[in-house]
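# Tertiary structure, described
Now for the letters of each chain:
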Amino acid sequence: AQSVSQHNHHVILSEAASLELGCNYSYGGTVNLFWYVQYPGQHLQLLLKYFSGDPLVKGIKGFEAEFIKSKFSFNLRKPSVQWSDTAEYFCAVNRLTSGTYKYIFGTGTRLKVLA
Amino acid sequence: EAGVVQSPRYKIIEKKQPVAFWCNPISGHNTLYWYRQNLGQGPELLIRYENEEAVDDSQLPKDRFSAERLKGVDSTLKIQPAELGDSAVYLCASSLENRLGTGELFFGEGSRLTVL
């Protein structure tokens, strides 16, 4: 089945630790890739996106993600997390299927950063 | 600029009762989505509109769920009758979509439904 997988469901880090959240998708062909974030009590919002070009994309708040086509992955990274990064992170894929786009989300990774 | 507005924020009903959710997307956005998010899960697409047309409703349980988007702007999602398993957060999102599928989704705060 076509899917977006986020293997880490819960991650706990101390401030200044490095972060990497995994995202794998099972679609072939052209895909548009996104990471969304939901801070406590807030709505989902875009963190970064990749369509084409440089596979290393930078987003807001020091986040970056790398698209590795051969691994069907789009992992999210941040060199040094802050307490304010505590949130839930969702990977998403938008892909043309049977003439229409399907915007599919992963199950999410809940990140807790300890001060 | 106003974001995506949803109402109500919270709704508690007994099973077999009807419920409706309303969404006002960002002005000018041609595409509107309804997602359902269960606890500990990612958003699951229920229906996607391009202007007034429902272009993808393959995941909408049509025996009890219905949706409409009047004049290509506001949208309502209805459940009748509600079941216990419908308890979830119902998210509305809008985007200015293009043929390349690169549009960013803008989400509302969500409507949290509890069915007793």
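These lines cover the structure that appears in this document, whether it is placed above or below. The shown structure was predicted, so the numbers you read here are calculated from the model rather than taken from an experiment.

### Topic: the overall build of chain B
Secondary structure summary: chain B contains zero helices and eleven strands in total. In sequence order, the secondary structure elements of chain B are arranged as β-β-β-β-β-β-β-β-β-β-β. For 116 residues, the compact-globule estimate of 2.2 N^0.38 gives 13 Å, and the C-alpha radius of gyration of chain B, at 14 Å, lies within 12% of that figure. With the principal axes as the frame, chain B shows a C-alpha extent of 40 × 30 × 30 Å. The 116 residues of chain B split such that 47% are buried. Contacts spanning at least 24 positions in sequence make up 53% of the contacts within chain B whose residues lie at least 6 apart. If the 13 positive side-chain charges of chain B are averaged to one point and the 16 negative ones to another, these points end up 6 Å apart.

### Observations concerning the environment of Glu64 of chain A
All names here are of chain A. Inspection of the secondary structure puts Glu64 in strand E8 (residues 64-68). For the pair Glu64 and Ser52, spaced twelve residues apart in sequence, the C-alpha separation works out to 15 Å. With residues near it in sequence (within four places) discarded, Glu64 still touches Leu48, Leu56, Val57, Lys58, Asn75, Leu76 and Arg77. Reaching out from Glu64, the side chain makes a polar contact with the side chain of Lys58 at a distance of 3.0 Å.

### Topic: the state of the cysteines
The final tally for this structure, using the stated rule, is two disulfides over all chains. Two residues, Cys23 of chain A and Cys91 of chain A, share a disulfide whose sulfurs are 1.9 Å apart. Classification of the bridge connecting Cys23 of chain A and Cys91 of chain A rests on its S-S torsion, roughly -65 degrees, and on that basis the disulfide is left-handed. With Cys23 of chain A in the loop between strand E3 (19-21) and strand E4 (24-25) and Cys91 of chain A in strand E10 (residues 87-97), this residue pair connects regions lying 68 residues apart in the sequence. By relative accessible area, Cys91 of chain A is classed as buried at 0%. Each sulfur in the disulfide pair Cys23 of chain B and Cys92 of chain B lies 1.9 Å from the other. Looking along the S-S bond of the Cys23 of chain B-Cys92 of chain B disulfide, the torsion reads about -70 degrees, which is the left-handed sense. Taken together, the residues Cys23 of chain B in strand E3 (residues 19-24) and Cys92 of chain B in strand E9 (residues 88-95) connect sequence positions 69 residues apart. Cys23 of chain B gets classed as buried once you look at its relative accessible area, which sits at 0%.

### Re the pairing of strand E6 (residues 53-56) of chain B
Residue and element names in this part refer to chain B. Pairing between strand E5 (residues 44-50) and E6: three bridges, direction antiparallel. Residue Glu50 lies in a different strand from E6, and its bridge partner there is Glu53. With antiparallel pairing between neighbouring strands as the criterion, E5 and E6 make up a hairpin whose turn holds two residues, including Asn51 at a positive phi of roughly 55 degrees.

### A few points about the pairing of strand E5 (residues 32-38) of chain A
Residue and element names in this part refer to chain A. Among the seven residues of E5, seven are classified as buried, and the element is accordingly described as predominantly covered. Residue alternation in E5 divides its side chains into two sets, Asn32, Phe34, Tyr36 and Gln38 and Leu33, Trp35 and Val37, and both sets are buried. Bridge count for E5 against E10 is seven bridges, and the pairing is antiparallel. Counted as the bridge partner of Trp35 is Cys91 from E10. Between E5 and the antiparallel strand that follows it, strand E6 (residues 45-50), lie six residues; Gly41 among them carries a positive phi value of about 80 degrees.

### Notes on the nonpolar core
By size, the foremost hydrophobic cluster in this structure holds 29 residues, and its most contacted members are Leu33, Trp35, Leu48, Phe74, Leu76 and Tyr89 of chain A. Taken together, the elements giving at least two residues each to this core come down to strand E2 (10-14), E3, E5, E6, E8, strand E9 (73-78), E10 and strand E12 (109-114) of chain A. At four residues, E10 of chain A tops the list of elements feeding residues into this core. Ignoring anything within four residues of it in the chain, the contact list for Leu33 of chain A reads Tyr25, Leu48, Lys49, Tyr50, Phe67, Phe74, Ala92 and Val93 of chain A. Residues Trp34, Tyr49, Cys92 and Leu113 of chain B belong to the second largest nonpolar core, which totals 21 residues.

The rules behind each value
Residues numbered from 1 in each chain as written. Chains lettered and ligands numbered in written order. Predicted model: local features only at pLDDT ≥ 70, side-chain atom pairs only at ≥ 80, totals over all residues. Heavy atoms only, no water. Helix = DSSP H or I, 4+ residues; strand = E, 2+ residues; numbered from the N terminus. Rg over C-alpha atoms; globule rule 2.2 N^0.38 Å. Buried < 20%, exposed > 50% of the residue type's maximum accessible area, 1.4 Å probe, protein only. Contact = heavy atoms within 4.5 Å. Lys, Arg positive; Asp, Glu negative; His and termini not counted. Charge placed at Lys NZ, Arg CZ, Asp CG, Glu CD. Polar contact = N/O pair within 3.5 Å; in protein donor to acceptor, adjacent residues only side chain to side chain. Disulfide = S-S within 2.5 Å. Pairing = 2+ DSSP bridges. Core = buried A, V, L, I, M, F, W, Y, C linked by side-chain atoms within 4.5 Å.

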